[in-house]
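# Structure assessment
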Amino acid sequence: MHQERDADIELRLLIEAIYLKYSYDFRDYSGASVKRRVAHALRQFELKTISALQERVLHDPSAFMQLLQFLTIPVSEMFRDPTHFLAIREEVVPLLKTYPSVKIWIAGCSTGEEVYSMAILLREEGLLERTIIYATDINPRSLEKAKQGIFSMENMRGYNENYLKAGGKRLFSEYYTAAYDYAIFDKTLRENVTFADHSLATDSVFSETQLISCRNVLIYFNKKLQDRAFGLFHESLCHRGFLVLGSKETLDFSGYKNQFDPLVKLERIYRKS
Amino acid sequence: MRTSFPGSSPDQPSLPVVDAIVVGASAGGVEALLKIFRTLPRGYRLPILAVLHVPDQRRSQLAEVFAVNLAIPVKEADDKETIKPGTLYFAGPGYHLSIENDLSLSLSQEERVHHSRPSIDILFESAADAYGERLAGVLLTGANSDGARGIARIKEYGGLTVVQDPAQALARTMPEAALALHTPDFLLPLPDIGSLLVELERNAC
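Residues numbered from 1 in each chain as written. Chains lettered and ligands numbered in written order. Predicted model: local features only at pLDDT ≥ 70, side-chain atom pairs only at ≥ 80, totals over all residues.

## A few points about the domain arrangement of chain A
All names here are of chain A. Convention followed: The split of the chain into domains comes from an automatic or database domain assignment. Residues are defined as contacting one another if the C-beta atoms placed from their backbone atoms lie within 7 Å. Amino acids outside the nonpolar list (Ala, Val, Leu, Ile, Met, Phe, Trp, Tyr, Cys, Pro) and the charged list (Asp, Glu, Lys, Arg) are all regarded as polar, and Gly is one of them.
With domains assigned, chain A is organised as domain 1 (2-71) and domain 2 (82-272). Here domain 1 and domain 2 have C-alpha centroids that lie 29 Å from each other. Residue-level contacts link nine residues of domain 1 with eleven residues of domain 2. Its residues placed into classes, the side of domain 1 that touches domain 2 shows three nonpolar, four polar and two charged.

## Concerning unusual backbone geometry
The line we're drawing: Secondary structure elements follow DSSP: runs of H or I no shorter than four residues count as helices, runs of E no shorter than two count as strands, and numbering proceeds from the N terminus. The burial label depends on the number of other C-beta atoms within 10 Å of a residue's C-beta. Counts of 20 or more mean buried, 12 or fewer mean exposed, and intermediate counts mean partly exposed, with C-beta atoms placed from the backbone.
Cis geometry is found at the peptide bond from Arg117(B) to Pro118(B), where omega equals 15°. Position of Pro118(B) relative to the elements: it lies in the loop between strand S6 (105-108) and helix H3 (120-131). Here the phi dihedral of Asp81(A) falls at roughly 55°; this positive angle occurs in a residue that is not glycine. With respect to the secondary-structure elements, Asp81(A) resides in the loop between helix H4 (61-71) and helix H5 (82-96). For Asp81(A), a count of 20 C-beta atoms within 10 Å translates into the label buried. Of note, Leu103(B) is a non-glycine position whose phi angle comes to about 60°, a positive value. Note that Leu103(B) resides in the loop between strand S5 (96-99) and S6.

## Examining the pairing of strand S8 (residues 237-245) of chain A
Each regular strand displays side chains that alternate between the two surfaces of the sheet. Residue and element names in this part refer to chain A. Our working definition: Note on pairing: DSSP must find at least two bridges between two strands before they are called paired. For the handedness criterion, the strands are oriented away from the viewer, and a crossover whose path from the first strand over the helix to the second runs clockwise is classed as right-handed.
Here strand S7 (residues 209-214) runs beside S8; their pairing, made up of five bridges, is parallel. The residue bridging Cys214 from the neighbouring strand is Leu245, located in S8. Running through helix H9 (residues 223-236), the crossover from S7 to the neighbouring parallel element S8 is right-handed.

## Notes on the sheet that holds strand S6 (residues 193-197) of chain A
Hydrogen bonding along the main chain pairs the strands of a sheet, whether they run parallel or antiparallel. Residues and elements named next belong to chain A. Put simply, the test is: Fitting a line to C-alpha atoms yields each axis, with helices limited to the stretch in contact; the angle taken between N-to-C directions then spans 0 to 180 degrees.
The strand order across the open sheet built from seven strands is S6-S2-S1-S7-S8-S10-S9, with neighbouring strands paired in mixed fashion. Of all the strands in the sheet, the pair left with one neighbour each is S6 and strand S9 (260-264). Across this sheet, the average inter-strand angle for adjacent strands is 20°, counted without regard to direction. In this fold helix H6 (residues 113-124) packs onto strand S1 (102-107), strand S2 (131-137), S6 and S7, with an angle of close to 170° to the strand it touches most, S2. Its contacts with the sheet put helix H7 (residues 140-148) on S2 and S6, and the angle it makes with S6 is roughly 170°.

## Here we look at the UniProt feature "active site" (unreviewed entry) in chain B
Residues and elements named next belong to chain B. Here is the rule: UniProt positions are given in the numbering used here, feature names are shortened, and annotations may be inferred rather than shown by experiment.
The UniProt feature table records "active site" (unreviewed entry) at Ser26, His53 and Asp146. Over a stretch of 121 residues, the named residues converge on one spot in the fold, their C-alpha atoms separated by at most 9.6 Å. Examined against the element boundaries, Ser26 turns out to sit in the loop between strand S1 (20-25) and helix H1 (29-37). Beyond its immediate sequence surroundings of up to four residues, Ser26 is in contact with His53, Thr141, Gly142, Ala143, Asn144, Asp146, Ala171 and Met174.

## Examining the interface of chain B and chain A
Interfaces are often described in size by the accessible area the parts lose on coming together. Listed by partner, the interface residues are 21 residues for chain B and 19 residues for chain A. Taken together, the elements giving at least two residues each to the side of chain B that touches chain A come down to S5, S6 and H3 of chain B. Top element by residues in the side of chain B that touches chain A is S6(B). It accounts for three residues. Per-class residue counts for the side of chain B that touches chain A are four nonpolar, nine polar and eight charged.

## Regarding the nonpolar core
Quick note on the threshold: The term nonpolar core means buried Ala, Val, Leu, Ile, Met, Phe, Trp, Tyr and Cys residues held together as one set by C-beta atoms within 7 Å.
With 123 residues, the main nonpolar core has Val115(A), Ala119(A), Ala50(B), Leu123(B) and Ala127(B) as its most contacted residues. Tallying contributions element by element places H3(B) first for this core, with eight residues. In this view, Ala50(B) contacts Val23(B), Leu33(B), Leu88(B), Tyr89(B) and Phe90(B); residues no more than four positions away in its chain are not counted. Counting 13 residues, the second largest nonpolar core, distinct from the first, contains Leu11(A), Val38(A), Ile50(A) and Leu68(A).

## Examining the environment of Asp181(A)
Residues and elements named next belong to chain A. Here Asp181 lies in the loop between strand S4 (176-179) and strand S5 (182-185). The exposure class assigned to Asp181 is exposed, which follows from the 8 C-beta atoms found within 10 Å. When the C-alpha atoms of Asp181 and Phe70 are compared, they prove to be 25 Å apart, with 111 residues separating the residues in sequence. When neighbours within four sequence positions are excluded, Asp181 is seen to be in contact with Ser152 and Met153.

## Things to note about the environment of Arg59(B)
Assignment of secondary structure puts Arg59(B) in the loop between strand S2 (48-52) and helix H2 (62-69). A C-alpha to C-alpha distance of 7.5 Å links Arg59(B) and Gly92(B), two positions 33 residues apart in sequence.

## With respect to the packing of helix H2 (residues 31-45) of chain A against H4(A)
Residues and elements named next belong to chain A. Cut-off, in case you're wondering: Just so you know how the angles are binned, under 35 degrees is roughly parallel, over 145 roughly antiparallel, 65 to 115 roughly perpendicular, and the rest oblique. The handedness criterion is simple: a crossing whose near helix is rotated anticlockwise from the far helix by less than a right angle is left-handed, and one whose near helix is rotated clockwise is right-handed.
Contact pair H2 / H4: the axes reach a minimum separation of 9 Å and the direction vectors enclose 135°. Taken together, the axes of H2 and H4 lie oblique to each other. The handedness of the crossing between H2 and H4 comes out as right-handed. The residues of H4 that touch H2, namely those facing Arg37, His40 and Ala41, are Leu67, Phe70 and Leu71. The residue inventory of the contact of H2 with H4, partitioned by class, reads four nonpolar, one polar and one charged.

## Observations regarding the confidence of the model for chain B
Spelled out, the test is: Each residue carries a pLDDT score, the predictor's confidence in it, ranging from 0 to 100.
For chain B, per-residue confidence averages 94 on the pLDDT scale, and 98% of positions sit at 70 or higher. In the model output, the complex is listed with pTM 0.93 alongside ipTM 0.90.

Put into structure tokens, the structure is as follows:
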């Protein structure tokens, strides 16, 4: 165990150094996952100890940007959990339509799959033109990729299946142009999307919103940081605004439990009380 | 390495005190797990955390199926819940399950390990971190090598390790991969693993 305790100390120092130098705050992330990702980064950097990695990233911002790619998890897909998007279409959209204009915040948008999914859904429901979507993430490279809207062609078959199960009304292939191995998504889908750098750990609310989607982000936070994020969402949402979470995320263990009502509990769709 | 565990008898080997048990299985795992867990009596107090490789569907009936067949409470692991004694937790489909140092559970969607999410290695390695020597790891039948690294880590950190005898496993790849990486404390057939888990609890509580 002795070796292990050393690694735990080194890990804390690395996280602290990153915070002090770059203002990225991983201090309240779930430890087991951060530890694995740093171990993975060590192998890629071909370094023996976390201390050596700390020295590298402290003195070399480009090395930090490289490490950030390991620390953030870009696992995403379009219309992930199709029944979730079906529930948004059927239960949430009719209520959103009662607003003259809609603001949506996709928090932790990673490389943009959720953003394009939401935009497609809103277009089919006639809402996209009067909606502004704020898509935020802490990883500038992910945001850059999200802005481009170019995804690997090999994923399209699976996304198409998801799209159909999610109640898609057209042909999924109408939304992209195939170019070699890539699917280039219709850029009008992102006309009303603002991509921005925002951290749920350190930044504050920037706009009032009617719907916030934050899926498979909060699982990487400890309870304290989860509550900070829920606080931001509560502050940003309008009266009776919607909060949608990932399929394994819940308000049940949070201090904000009583400030939201479940609308479709199984699909993790909540409304501000 | 011992190759039998006689249950309650005078020649029983002395066991360490553990605070939790982690179990991993793949192909053939449902039957193997049922066989082992059916030996656990009502009121069993050690927490058990299990990864059984399942198809990547959205929801799994695993916890329900085991709940109706066992005397101990069973549930699918939730993110950020605190581990309760005497409960059997299953990792749900599509997410890795880890144990945090404060003995709460966390889920993640990192890359698959050995094509699997949940991964046995991830549960076992995080459990070894959290519990150190006060942990027992059990690796059963399976057709890939997930869990081998994890159970070796448990041993490295001083925990107790148990591998199902590959000769009696429905799929021997998984136990054999574990044996190639480390020598477990016990190499046992299923009935003996059941007896061992019962005895571990008597010893600990």
